[in-house]
Amino acid sequence: MQATTDLCPCCGKPRRLAHLIELYEHNYRLIQRLVPEFDIPYDGAVSHSQSDCPLHLQIVDRDRYTLTVHLTYEFTDETGVRRQPDLWVRLYRDAGVAEALRCSYRPPWRVEDDADPAAHAFLSEQWRRNLLLNKWLEYLLEHGHGFGLAERPRLAVTA
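Residues numbered from 1 in each chain as written. Predicted model: local features only at pLDDT ≥ 70, side-chain atom pairs only at ≥ 80, totals over all residues. Heavy atoms only, no water.

Chemist: Got a sec to walk through the pattern of salt bridges? Specific residues and values, please.
Modeler: It is possible for side chains bearing opposite charge to pair when their charged atoms get close. Summed over all chains, the structure comprises two salt bridges. Where Asp-43 meets Arg-62, a salt bridge forms, and the shortest distance between an N and an O atom there is 3.0 Å. Here the residue Asp-43 occupies a position in the loop between α1 (17–34) and β1 (44–49), and Arg-62 occupies one in strand β2 (residues 52–62), the gap between them amounting to 19 residues. With relative accessibility at 35%, the residue Arg-62 sits in the partly exposed group. Measuring nitrogen to oxygen at the nearest pair gives 3.4 Å for the salt bridge that ties Glu-74 to Arg-83. Accessibility expressed as a relative area gives 36% for Arg-83, which makes it partly exposed. (Salt bridge = Lys/Arg side-chain N within 4 Å of Asp/Glu carboxyl O. Helix = DSSP H or I, 4+ residues; strand = E, 2+ residues; numbered from the N terminus. Buried < 20%, exposed > 50% of the residue type's maximum accessible area, 1.4 Å probe, protein only.)

In structure tokens:
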């Protein structure tokens, strides 16, 4: 019997690579709403919301077909700056998919499988990171975050 974490939330069937690709596509559409233009002319910005913490966006890498961004909240306390969630996301413009590359915070979920352990481990890690990205993007959009034209960093006007 399969563990419930091995089932796709959309159809209840065992997770497959196709489900992961669908999640990548959905995340891409959500990020398009959060960052309406991928050719943004700045390397970092902060989105402010009346009901949520400031969201930090950092452009990590730009390429013709990809854009890698870092999305995080930053918390400062006596130990310094803490970033959570701390996600690096690669946007594949030509394919219209967004993949969560890494996340410094990982929930302690465990999954067991008696099929190919290496393939299952890879897909499970991808699924967890990208499902976290998906849920967080939906949350951010619900709370009014965005990096549209109005949220761009502006150059100081000199007289």
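Having seen it, we continue.
Chemist: Tell me about α1, and name the residues and values.
Modeler: Here α1 spans 26 Å end to end across 18 residues, near enough to the 26 Å set by a 1.5 Å rise per residue. Of all the residues in α1, the buried ones are His-19, Leu-20, Leu-23, Tyr-24, Asn-27, Tyr-28, Leu-30, Ile-31 and Leu-34. (Expected span 1.5 Å × (residues − 1).)

Chemist: Could you give me a rundown of the environment of Cys-103, with the residues and numbers involved?
Modeler: Tracing the chain through its elements places Cys-103 in strand β5 (residues 97–103). Look at Cys-103 and you get buried, because its relative accessible area is 6%. Measuring from C-alpha to C-alpha, the distance between Cys-103 and His-70 comes to 9.7 Å, with 33 residues separating the pair along the chain. Ignoring anything within four residues of it in the chain, the contact list for Cys-103 reads Asp-86, Leu-87, Arg-129 and Leu-132. (Contact = heavy atoms within 4.5 Å.)

Chemist: Describe the sheet that holds β2, with residues and values.
Modeler: In any sheet, the strands associate via hydrogen bonds between backbone groups, in a parallel or an antiparallel arrangement. Strand order in the open sheet formed by five strands is β1-β2-β3-β4-β5, and the pairing between neighbours is antiparallel. The outermost strands of the open sheet, each flanked by one partner alone, are β1 and β5. When the angles between neighbouring strand axes are averaged without regard to direction, this sheet yields 25°. Relative to β5, strand β4 (residues 80–92) is paired through six bridges, and the arrangement is antiparallel. (Pairing = 2+ DSSP bridges. Axes fitted to C-alpha atoms, helices over the stretch in contact; angles between N-to-C directions.)

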